[in-house]
Amino acid sequence: MIKLNSDGACKANNAAGCGGLLRDHKGQWRGEGLKLARKLGVRHLEINTDSLLVVKAIEDGKVGMVDCVAMPRRIMELMGEFEVVIISHVSRNANACADCLAKHGCRGEVLHHYTDPPPFLADLLEADSCGIIFSSVVIE
């Protein structure tokens, strides 16, 4: 089973970003996002997000009730391409790597796809694989 941690962020200036990272059962970076999971031939996927609203909307099939409807709708479309998909709510602290990617995405106008872990995420990935949980992540 491959795990996808996913998050979104929005800043006061209306800048928005999203982040999603794939990791294997050892917590090792595999890449980013649902499209890569599909491309890698992943059949069993666990999706974790810290948005309970998004989890409930996807479980209920009512994504129109979510403020940012495009991403949950796309997740639902792509879920059908996997044999098994488990979507669950996790605490914000347990989703720090995806949160960091989402906040970083608010900083620019270009969508970035990382084949290797970006340098700004290295310490968080290491801590997360060791079971260390942060109470918050600050991106400057």
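That block above? That's the structure.
Read on for a plain summary of the structure. Being a predicted model, the structure only gives us computed values, none of them experimental.

1. Some points on the overall build of the protein chain
Piece 1. Secondary structure summary: the protein chain contains five helices and five strands in total.
Piece 2. Secondary structure elements of the protein chain occur, N-terminal to C-terminal, as β-β-β-α-β-α-α-β-α-α.
Piece 3. Sorting the 140 residues of the protein chain into buried and exposed places 39% on the buried side.
Piece 4. Pairs at least 24 apart in sequence give 64% of the contacts found in the protein chain among residues at least 6 apart.

2. Examining the nonpolar core
Piece 1. In terms of nonpolar packing, the biggest core is built from 16 residues, with Leu34, Leu45 and Ile47 touching the most fellow members.
Piece 2. Secondary structure elements with two or more residues in this core: strand E1 (2-10), helix H1 (33-39), strand E4 (44-49), helix H2 (52-60) and helix H3 (70-79).
Piece 3. Excluding anything up to four places from it in sequence, Leu34 contacts Leu4, Leu45, Ile47, Ile75, Leu78 and Phe82.
Piece 4. Core analysis: the second largest hydrophobic core is formed by 11 residues, Ala98, Cys100, Leu101 and Leu121 among them.

3. Description of the side chain of Asp50
Piece 1. Mapped onto the elements, Asp50 comes out in the loop between E4 and H2.
Piece 2. Ignoring anything within four residues of it in the chain, the contact list for Asp50 reads Ser6, Asp7, His89, Val90, Ser91, Arg92 and Asn95.

4. Some details on H2
Piece 1. Within H2, the full set of buried residues consists of Val54, Val55, Ala57 and Ile58. All buried residues of H2 lie within an arc of 165° about the axis, which places them on one face of the element.
Piece 2. Of the residues one or two after H2, Gly61 is the one with positive phi, at around 70°.

5. Considering the sheet that holds strand E5 (residues 84-89)
Piece 1. Ordered in space as E3-E2-E1-E4-E5, the five strands form an open sheet in which the pairing is mixed. Either end of the sheet is taken by a strand with one partner, and the two such strands are strand E3 (29-31) and E5. When the angles between neighbouring strand axes are averaged without regard to direction, this sheet yields 30°.
Piece 2. Inspection of the sheet shows E1 paired to strand E2 (residues 16-23) by eight bridges, in the antiparallel sense. Residue pairing for E2: Ser6 is matched across the bridge by Gly20.
Piece 3. Helix-sheet contacts for H2 involve E4 and E5, and the interaxial angle to E5 is about 145°.

What counts, and where the lines are drawn
Residues numbered from 1 in each chain as written. Predicted model: local features only at pLDDT ≥ 70, side-chain atom pairs only at ≥ 80, totals over all residues. Heavy atoms only, no water. Helix = DSSP H or I, 4+ residues; strand = E, 2+ residues; numbered from the N terminus. Buried < 20%, exposed > 50% of the residue type's maximum accessible area, 1.4 Å probe, protein only. Contact = heavy atoms within 4.5 Å. Core = buried A, V, L, I, M, F, W, Y, C linked by side-chain atoms within 4.5 Å. Arc of directions from axis to C-beta. Pairing = 2+ DSSP bridges. Axes fitted to C-alpha atoms, helices over the stretch in contact; angles between N-to-C directions.

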